[in-house]
Amino acid sequence: MRPIRVRIGVLGLALVAGLAAPTAATAAPEAGGAAPAPTVEERRLDGEVPREILRRSGFAAVAPAFARGLGRADSYREARRVVEREGAALWRRAVDRVQGRGPARGDLSRDDDRPLYWARLGMTRELRTWEPGFRLSERQRAALLTELERTSRGQTDLRLPRGGHGKGVKRVLLTGFDPFTLDRDIRISNPSGAVALALDGTVIDTADGPARVETAVFPVRWADFAEGTVERALRPYLPRVDLFTTVSQGRVGRFDVERTNGAWRGGFPDNDNVSRTETVPVADPTSQPQWTTTTLPYAAITAANTGRFPVYDNTSVTEIPAGGDEPVVRPEGPTPGSTAREGGGGNYLSNEIAYRATLLRDRLGLHGTLPGGHVHTPVLQFGAGNTDPATGAVTDPEFVRNRLDIVAQTRAIVGVAVSAPGADRD
């Protein structure tokens with residue numbers, strides 16, 4: 001997930017029973033005015049492709065059932081219980097489908113991450129436009145939406161095994177992303193989201209013993225990151241894990257371990273078509289560094305045979321040198337005193353989640369002890385005869401094979417990383 005200058009144009013397909021119309025949960029308007037309108041992201045649900053994905057995965061009834069549950073709520077407290085229960089149930093259902101538990105409920109391949117994305121948007125649209133029969137303040141509605149996001153993304157379902165570092169089962173925390181660039185091709189799937197669903201709660205047998213993986217996914221929205229969604233989700237767990245990696249979709253035909261992350265937002269539109277060009281907003285900006293670095297064992301990862309795609313240690317960044325005023329590409333990494341314009345992973349939200357997670361690691365005093373950083377997967381591509389977004393199918397055999405291969409290779413990379421004798425540290 002790295003719209004970097006011209007490169008995003010190369011990623012055309014990158015990050016890469018019908019859906020019932022939204023039903024009003026009750027008829028009474030919110031005190032103080034009408035309920036908010038759906039977001040840009042939620043309005044894409046009206047297209048044929050999202051409806052087909054939901055129908056062919058068995059997720060078409062999720063949002064209407066959620067609306068009925070909200071309709072029975074007679075207080076904010078009861079509505080919150082509905083949101084917590086149904087949000088968590090959606091995450092578990094998506095994980096179970098991808099991991100082969102229970103019926104597939106449709107002919108879409110089980111490895112697909114898109115049913116979770118579109119079903120969640122159906123639920124957030126129902127909640128956002130809900131007109132309950134009791135007073136619901138704007139703050140309460142916002143709190144319900146936040147809780148729905150957290151529970152349906154696995155952020156409240158991170159169950160790490162007991163024990164200390166180096167004792168028993170290793171603990172790995174991995175994050176993925178929603179699909180994005182949907183106005184270019186609404187069929188897009190994000191392999192990092194598929195990785196998160198496939199690996200959540202699984203155990204990887206490594207050369208250094210078993211490793212339990214816990215996962216969550218994040219939205220492709222600037223505002224959520226500025227509001228601290230990454231730090232809130234990860235802060236309780238980083239001191240307790242043996243390794244973490246944020247994952248997103250990157251370049252065509254290759255994996256990259258991103259060596260350096262930059263404190264700059266480049267402005268590419270997010271899933272709500274909002275742009276932000278600014279320094280990454282964080283708590284305590286006076287102590288904010290321009291760059292953070294990976295502590296993943298990149299030498300071990302790039303040397304291992306993990307799958308069909310090559311894996312690179314990517315050291316390149318774009319900076320404004322100290323005393324300068326124009327951006328310069330630095331293939332070997334940033335120079336002292338420079339200002340970030342692109343990390344190795346660009347200046348979009350994949351770079352930002354890597355920057356935020358590694359900055360959090362450093363602020364927790366874990367730089368020297370906790371391996372962590374960012375891995376970019378290859379672009380998930382459709383088959384050669386299925387490249388037209390206007391006429392193409394929502395899936396094809398090559399598309400499925402590519403996603404399965406990316407998931408399997410990411411799993412192998414995690415296995416190498418968690419069993420490496422020591423992280424590569426700067």
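Here the structure is a predicted model, which is why all the values come from computation and not from measurement.

1. As for the sheet that holds strand β11 (residues 317-320)
- Read from one edge to the other, the open sheet built from three strands follows the order β12-β11-β13, with strand pairing classed as antiparallel. Two strands in the sheet have a free side with no partner beyond their single neighbour: β12 (328-330) and β13 (339-342). Across the sheet, the axes of successive neighbouring strands diverge by a mean angle of 45 degrees, strand direction being ignored.
- Alignment of β11 against β12, held across three bridges, turns out to be antiparallel.

2. Quick notes on helix α12 (residues 349-363)
- Look at α12: 20 Å from first C-alpha to last across 15 residues, which is about the 21 Å you get at 1.5 Å a residue.
- Across the 15 residues that make up α12, a large majority, 13, are buried.
- Looking one or two residues past α12, Gly 365 carries a phi angle of roughly 75 degrees, positive in sign.

3. What about the side chain of Asn 314?
- Mapped onto the fold, Asn 314 is located in strand β10 (residues 311-314).
- If we skip the residues at most four places from it in the chain, Asn 314 touches Arg 251, Asp 256, Val 257, Glu 258, Arg 259 and Gly 344.

4. Notes on the environment of Val 40
- Positionally, Val 40 belongs in helix α2 (residues 40-43).
- Along the chain, Val 40 and Asn 271 lie 231 residues apart, while their C-alpha atoms are 7.6 Å from each other.
- In contact with Val 40, not counting residues within four places along its chain, are Asn 271, Asp 272 and Asn 273.

5. Here we look at the sheet that holds strand β4 (residues 243-249)
- Strand order in the open sheet formed by seven strands is β2-β3-β1-β4-β14-β5-β10, and the pairing between neighbours is mixed. Here the strands that pair on one side only, and so sit at the sheet edges, are β2 (203-206) and β10. When the angles between neighbouring strand axes are averaged without regard to direction, this sheet yields 30 degrees.
- Across six bridges, the pairing between β4 and strand β14 (residues 372-377) is parallel.

6. Here we look at the pattern of salt bridges
- Counted under the stated rule, the structure contains 40 salt bridges.
- For Arg 80, the salt bridge goes to Glu 147, with nearest N and O atoms at 3.4 Å. Of the two residues, Arg 80 is situated in helix α5 (residues 76-98) and Glu 147 in helix α7 (residues 138-152); the sequence distance between them amounts to 67 residues.
- Judged by its relative accessible area of 25%, Arg 80 is partly exposed.
- Here Arg 403 ties to Asp 113 by a salt bridge, and the two come within 3.9 Å at their closest N and O atoms. Remark: Asp 113 occurs in the loop between α5 and α6 (114-128) and Arg 403 occurs in helix α13 (residues 397-419); sequence separation between them is 290 residues.

7. A word on the packing of aromatic side chains
- In the structure shown here, the tally under the stated rule is nine aromatic pairs.
- Note on Tyr 117 and Trp 118: the rings are 4.9 Å apart at their centroids and 70 degrees apart in plane angle, and the pair reads as edge-to-face.
- Residue Tyr 117 is classed as buried on the basis of its relative accessible area of 2%.
- Here Trp 118 falls in the buried class, since its relative accessible area comes to 1%.

8. Digging into the packing of α5 against α7
- Between α5 and α7, the least distance of the axes is 7 Å, while the angle of their chain directions is 20 degrees. When the interaxial angle is binned, α5 and α7 end up roughly parallel. Judged by the twist between their axes, the crossing of α5 over α7 is right-handed. Across the interface between the two elements, Tyr 76, Ala 79, Arg 80, Val 83, Glu 84, Gly 87, Ala 88, Leu 90 and Trp 91 of α5 pack against Gln 140, Ala 143, Leu 144, Glu 147, Leu 148, Thr 151 and Ser 152 of α7.
- Counted by class, the contact of α5 with α7 contains nine nonpolar, four polar and three charged residues.

9. So, the environment of Gly 337
- Looking at the secondary structure, you find Gly 337 in the loop between β12 and β13.
- As for Gly 337 and Gln 290, which are separated by 47 residues in sequence, their C-alpha atoms are 8.6 Å apart.

10. A few points about the side chain of Arg 403
- The exposure class assigned to Arg 403 is buried, which follows from its relative accessible area of 0%.
- The residues touching Arg 403, leaving out its near neighbours within four places in the chain, are Ser 109, Asp 111, Asp 112, Asp 113, Arg 114, Ser 189, Ala 194 and Leu 380.

11. Some thoughts on unusual backbone geometry
- Of note, the phi angle at Asn 273 is positive, near 60 degrees, even though the residue is not glycine.
- Tracing the backbone shows Asn 273 in the loop between β7 (264-266) and β8 (277-279).
- We classify Asn 273 as partly exposed; its relative accessible area is 43%.
- Located in the positive-phi region is Asp 284, a residue other than glycine, with phi close to 55 degrees.
- Counting through the fold element by element, Asp 284 comes out in the loop between β8 and β9 (291-293).

12. Examining the packing of helix α4 (residues 62-71) against α5
- Close contact between α4 and α5 brings their axes to 10 Å; oriented N to C, the two are set at 160 degrees. The orientation of α4 relative to α5 falls into the category roughly antiparallel. The chirality of how α4 crosses α5 is right-handed. Here α4 contributes Val 62, Phe 66, Gly 69 and Leu 70 to the contact with α5, which in turn contributes Val 82, Val 83, Glu 86, Leu 90 and Arg 93.

What counts, and where the lines are drawn
Residues numbered from 1 in each chain as written. Predicted model: local features only at pLDDT ≥ 70, side-chain atom pairs only at ≥ 80, totals over all residues. Heavy atoms only, no water. Pairing = 2+ DSSP bridges. Helix = DSSP H or I, 4+ residues; strand = E, 2+ residues; numbered from the N terminus. Axes fitted to C-alpha atoms, helices over the stretch in contact; angles between N-to-C directions. Expected span 1.5 Å × (residues − 1). Buried < 20%, exposed > 50% of the residue type's maximum accessible area, 1.4 Å probe, protein only. Contact = heavy atoms within 4.5 Å. Salt bridge = Lys/Arg side-chain N within 4 Å of Asp/Glu carboxyl O. Phe/Tyr/Trp six-rings, centres within 6.5 Å; stacked < 30°, edge-to-face > 60°. Parallel < 35°, antiparallel > 145°, perpendicular 65-115°, else oblique. Left-handed = near helix turned anticlockwise from the far one by under 90°. Nonpolar A, V, L, I, M, F, W, Y, C, P; charged D, E, K, R; others polar.

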